Amino acid sequence: MLSEIEVRDFRCFAHQRLELHPQMTVLVGRNAQGKTSLLEAACVLLRLQSPRTSVRTDLIRFDSSTLMVEGRWNGVSLRCGMSDSRRRLAIDGTICGKSSDYLERSGLVVWMDHSDMNLLRGTSEHRRRYLDFAASQIEPGYLEALQGYQRALRSRNYILKRDATVQWRQVDAYGQLMAGFHQTLVLHREQLVRALKPKMGEVMSRLSFATEEVGIEYLPACSAEGLMDALTRHRAEEERSRTTYTGAHRDDFALSINGRNAEAFASEGQQRSISIALKIGQARVLDEARSMAPLLLVDDVFGELDPSRRRALLSGLPLGTQSIFTTTHLDWAGELGEGCQIVAVEKGEARAKILKRV
Amino acid sequence: MSLNYPAPIQRLIVQLKSLPGVGPRSAERMALWLLSAGRERGGLLADALRAIETEVVMCEDCGFYNEAGQACLLCSNDKRQRHIVCVVEQAADVLRLERSRAYQGQYHVLGGKLSPLDNVTPEDLRMDSLERRVAELPASEVILALGSDVEGEATANYIADLVRPLGVAVTKLAQGMPAGGGLDHVDELTLHHALQGRRAMS
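The structure reproduced in this document is the subject of the present report.

The rules we used
- Residues numbered from 1 in each chain as written.
- Chains lettered and ligands numbered in written order.
- Predicted model: local features only at pLDDT ≥ 70, side-chain atom pairs only at ≥ 80, totals over all residues.
- Heavy atoms only, no water.
- Helix = DSSP H or I, 4+ residues; strand = E, 2+ residues; numbered from the N terminus.
- Contact = heavy atoms within 4.5 Å.
- Areas by Shrake-Rupley, 256 points an atom, 1.4 Å probe, with all protein chains shown as cover.
- Pairing = 2+ DSSP bridges.
- Axes fitted to C-alpha atoms, helices over the stretch in contact; angles between N-to-C directions.
- Buried area = accessible area lost by both parts, 1.4 Å probe.
- Salt bridge = Lys/Arg side-chain N within 4 Å of Asp/Glu carboxyl O.
- Polar contact = N/O pair within 3.5 Å; in protein donor to acceptor, adjacent residues only side chain to side chain.
- Nonpolar A, V, L, I, M, F, W, Y, C, P; charged D, E, K, R; others polar.
- Buried < 20%, exposed > 50% of the residue type's maximum accessible area, 1.4 Å probe, protein only.
- Arc of directions from axis to C-beta.
- Core = buried A, V, L, I, M, F, W, Y, C linked by side-chain atoms within 4.5 Å.

## Here's the deal with the overall build of chain A
For step 1, the next point in the chain: Across its full length, chain A carries 11 helices and 15 strands.
For step 2, the next point in the chain: For the C-alpha atoms alone, the extent of chain A along its principal axes is close to 70 × 50 × 35 Å.
For step 3, the next point in the chain: Long-range contacts, defined here as pairs at least 24 residues apart, represent 72% of the contacts in chain A between residues at least 6 apart.
For step 4, the next point in the chain: Working note: accessible area of chain A is about 15,900 Å², and carbon and sulfur atoms make up 46% of it.

Written out as structure tokens, the structure is:
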């Protein structure tokens, strides 16, 4: 549980401290007041990455060179400071040199926003990013394998493009390296999708009150052990395209509803339900794999759901999940039961005042 | 025009700054310190710099450094085994391995690792001489003692493919538990490697 968060020079906030409710905090305010930035700060604090940007300097407030996010997760105090070139992490006041150690001690995050619809309609990159974000929170070695894979892939593609005649021995040196990382990635992605499937089904049946059957199938571009073979077989292809033919960077997964492709056949409402099921399913898988309830960060989408879906979403969460929502209007606040705190976020100076604490 | 140091000092700062691990501020501090410490201090440094140019040579076989005019202490030592070659990235690694006293074979310093994105190709490293040496010695085993980062691993793969056709065994240093420590100080990735590379108790 994230009991409090403090930010300095983060996006539009010069300095802001916020206590969070153990169950639910709703950040309410007009557009462009900084609601999402607070949500983003929580994600950066716990996972050291933002779902909105991969450019660190985007997060730092104008006219400032470093940002700081601090907070308390399950009694452990976490601190993350960033400048354009450096990152400094601390746990309980002691500097933590390796980000993997930090991530191991910090919390789990599920992020929901409008772009979740891209999981159905967007390119496979959105779906891979979804798998990567979830799997790296479950498996400590996953992120390292992913970074190693991407680094080796960049080098391999570079060598393929560099010379007039391809230097296959150099290409293969990186291919073999990729094959090792590829195996790790594929096995964990496979495991993750297998765990997701029943969880999504449960969430879906709550959301649709009907017997719609949602399916998810992992589509690896190449079998876990077979990367080196596949690459050797497609030399001619690679010589022509000058880029790595197959591997974990071409993976995808397919979603279906009642046995039919969800992108083409699901209605707007069904697609929305499936995207929610993917995220709530992720929360449940994380909870089960790590025996720790995740923090659910929901940007905007919650207020736009119909009341029955809102109830279904909340009831589908693992026990003890803490959530932070942002919204522009509180028409639906009447539905909120006990165990909720509403905070108004106003103007870049962002004075968060507590409206109601039940 | 803004005020700056006289040109000779600026040149010195530029030279110092180009050294690894030295930033503009450290370079400036060193230059000013050399000026204030007197002529003889700077002279000593200049002498030492000149000496490494004239009095040090790199052994054409192993790539380690020797005083000019003397035989290589590693390659000409009869007591060292001639059928094993240990490949390392840089000369400092030779000394590290020597201090462990666990190795009595030949060395081969590559002078870096493959990194296409930094424009380091096999031609920039001492790969040809490795191939030649393995055949000439002749060696029966090549030990790859390279880093376990992406570039180090890729370099190891490359060399393995390069020398395997010569009929030698190619081995790699083990990865795993540090000596004399408990599990509590080992990170997951190392532990993962250590588990995979476990050995039967004899």
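## Observations regarding the sheet that holds strand β9 (residues 214–219) of chain A
All names here are of chain A.
For step 1, the next point in the chain: In space, the three strands of this open sheet follow the order β9-β10-β11, with antiparallel pairing throughout. What marks the edges here is a single partner per strand, and that holds for β9 and β11 (260–261).
For step 2, the next point in the chain: Sheet topology note: the strand β10 (residues 252–257)/β11 ladder contains two bridges and is antiparallel. The partner of I257 across the bridge, within β11, is R260.
For step 3, the next point in the chain: Strands in contact with helix α6 (residues 168–208) are β9 and β10; relative to β9, the strand with the most contacts, it is inclined by about 175°.
For step 4, the next point in the chain: Packed onto the sheet, helix α10 (residues 268–290) meets β9 and β10 and runs at close to 130° relative to β10.

## A few points about the interface of chain B and chain A
By convention, interface size is frequently given as the accessible area that disappears when the constituent parts associate.
For step 1, the next point in the chain: Opposite the 17 residues of chain B that make contact, chain A presents 21 residues.
For step 2, the next point in the chain: Both faces considered, chain B and chain A share a buried interface measuring about 1,800 Å² in area, 60% of it formed by carbon and sulfur atoms.
For step 3, the next point in the chain: When the buried area of chain B at its contact with chain A is split by residue, P116, L117 and V150 of chain B rank highest and sum to 32% of it.
For step 4, the next point in the chain: On the surface where chain B and chain A come into contact, there are one salt bridge.
For step 5, the next point in the chain: Where chain B packs against chain A, one counts four residue pairs in polar contact (both at pLDDT 80 or more).
For step 6, the next point in the chain: Going through the elements one at a time, α6 (150–163) and α7 (188–196) of chain B are the ones with two or more residues in the side of chain B that touches chain A.
For step 7, the next point in the chain: The dominant element in the side of chain B that touches chain A, judged by the number of residues it contributes, is α6 of chain B, at eight residues.
For step 8, the next point in the chain: Residues that form the side of chain B that touches chain A fall into these classes: nine nonpolar, three polar and five charged.

## Some remarks on helix α5 (residues 127–136) of chain B
Residue and element names in this part refer to chain B.
For step 1, the next point in the chain: Residues of α5 that are buried include every one of M127, S129, L130, R133 and V134, and no others. Down the axis of α5, the sector holding all buried residues measures 155°, keeping them to one side. Seen from the open side of α5, the exposed residues pointing more than 90 degrees away from its buried face are D128 and E136.

## Things to note about the nonpolar core
For step 1, the next point in the chain: Counting residues in hydrophobic clusters, the biggest one holds 135 residues, and the most contacted among them are I5, Y102, M200, L255, I274 and L297 of chain A together with I159 of chain B.
For step 2, the next point in the chain: When residues in this core are grouped by element, the largest group, 16 residues, is from α6 of chain A.
For step 3, the next point in the chain: Counting 16 residues, the second-largest nonpolar core is a separate cluster that includes C75, C86, A91 and Y103 of chain B.

## Some points on the environment of G215 of chain A
Residue and element names in this part refer to chain A.
For step 1, the next point in the chain: Positionally, G215 belongs in strand β9.
For step 2, the next point in the chain: Residues G215 and I274, 59 residues apart in the sequence, show an inter-C-alpha distance of 9.6 Å.
For step 3, the next point in the chain: When near neighbours in sequence (up to four residues on either side) are disregarded, G215 contacts K197, A254, L255 and S256.

## Regarding the sheet that holds strand β3 (residues 84–88) of chain B
Residues and elements named next belong to chain B.
For step 1, the next point in the chain: Across the sheet, which stays open at both edges, the four strands sit in the order β4-β3-β5-β6 with parallel pairing between neighbours. Strands at the two margins of the open sheet, each flanked by one partner only, are β4 (106–109) and β6 (169–172). Strand-to-strand twist in this sheet, taken as the mean axis angle between neighbours without regard to direction, amounts to 25°.
For step 2, the next point in the chain: Where β3 lies against β4, four bridges are found, and the strand directions are parallel. Residue pairing for β4: C86 is matched across the bridge by Y107.
For step 3, the next point in the chain: Strands in contact with helix α4 (residues 91–100) are β3 and β4; relative to β4, the strand with the most contacts, it is inclined by about 155°.
For step 4, the next point in the chain: Sheet contacts for α5: β3, β4 and β5 (141–144); angle to β4, the most-contacted strand, approximately 160°.

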